[in-house]
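Here's the letter readout for the chains.
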Amino acid sequence: MAEITIPQFRDHLLESGVLDPEGIHHEFVSGMHGRKLDFDTIPEDSELFNEWVKVVSTEIRRLYTAHDLGRLVVVSVANGTNRLVPHIADNLGGDVFAVLTEKISAKAVRLTPGAEEEIITKSPNLAVAVEDVGTKGTTSATAVTDVRRLGVPEVEALNTWQRRERLEELDSIRAVYNAVIFEPLPTLTPEYCRESGYCAQGWEFIEHEK
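For clarity, every value in this text was computed on a predicted model and none was experimentally measured.

Conventions we followed
- Residues numbered from 1 in each chain as written.
- Predicted model: local features only at pLDDT ≥ 70, side-chain atom pairs only at ≥ 80, totals over all residues.
- Heavy atoms only, no water.
- Core = buried A, V, L, I, M, F, W, Y, C linked by side-chain atoms within 4.5 Å.
- Buried < 20%, exposed > 50% of the residue type's maximum accessible area, 1.4 Å probe, protein only.
- Helix = DSSP H or I, 4+ residues; strand = E, 2+ residues; numbered from the N terminus.
- Polar contact = N/O pair within 3.5 Å; in protein donor to acceptor, adjacent residues only side chain to side chain.
- Contact = heavy atoms within 4.5 Å.

Undergrad: Break down the nonpolar core for me, with residues and values.
TA: F9, L13, V56 and I88 are the most contacted members of the largest nonpolar core, which has 33 residues in total. Elements that contribute at least two residues to this core include exactly α1 (6-16), α2 (47-63), β3 (72-76), α3 (85-92), β7 (126-134), β8 (154-162) and β9 (177-182). Top element by residues in this core is α2. It accounts for seven residues. Within the second largest apolar cluster, 23 residues are counted, among which are V77, V99, A115 and A157.

See below:
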């Protein structure tokens with residue numbers, strides 16, 4: 001596969017239709033309103049999925065050049081990146097391994113029992129929780145907290161697309177976070193959306209599935 005740049009990947013994402021078309025907006029898990037970036041629409045056997053794996057892997061290498069990647073665990077944030085992180089670990093190679101999380105509520109995840117056991121056994125010194133879209137960091141924060149509980153010295157978060165300037169829930173637990181694509185998109189409180197935003201303009205509104 002040819003090298004892919006982040007701007008190219010970003011353009012390919014938008015060309016593929018991952019962003020809500022004009023006239024439609026969603027409620028996110030955080031309760032905010034906006035046009036949804038739906039990475040679930042990317043087929044796992046597609047070139048775009050391969051690009052996703054590549055750009056996240058490249059960013060991990062860039063961010064953590066001073067670390068021993070042989071003691072790195074890549075953590076999913078269910079359900080958005082459960083299918084992604086095993087491919088990232090394979091791409092990074094060596095002793096890098098991936099573990100999965102499972103949803104325990106609309107806003108929270110926890111490590112699967114097998115993931116918890118693997119982290120304890122392999123004792124990584126760095127964990128990176130990989131999320132598809134960062135809005136407030138609500139779900140990612142629960143993954144970070146659960147990995148910290150096992151004594152991993154450094155636990156950080158990496159969003160494929162960070163759609164707001166700051167992710168309050170990750171800030172609240174003092175977690176370091178980064179983004180492959182940092183591009184704020186209109187992300188509105190429900191009140192503002194009804195008064196002046198998408199709801200006020202009559203755009204179709206799709207509630208978050210509880």
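Undergrad: Which residues make up unusual backbone geometry, and what values go with them?
TA: Going from A78 to N79, the amide bond is cis rather than trans, its omega being -5°. The topology assignment puts N79 in the loop between β3 and α3. Phi at S123 is positive, roughly 50°, even though this residue is not glycine. With respect to the helices and strands, S123 occurs in the loop between α4 (113-122) and β7. Positioned with a positive phi, R174 is a non-glycine residue whose angle comes to about 55°. Relative to the helices and strands, R174 is located in the loop between α6 (168-172) and β9. Under the relative-accessibility criterion, R174 is labelled exposed at 77%.

Undergrad: If you had to explain the side chain of R164 to someone new, which residues and values would you point to?
TA: Here R164 is to be found in the loop between β8 and α6. Of note is the side chain of R164, whose polar atom sits 2.6 Å from the side chain of E168. Discounting residues that sit within four places of it in the chain, R164 has contacts with M32, G134, T135, K136, F182, P184 and T187.

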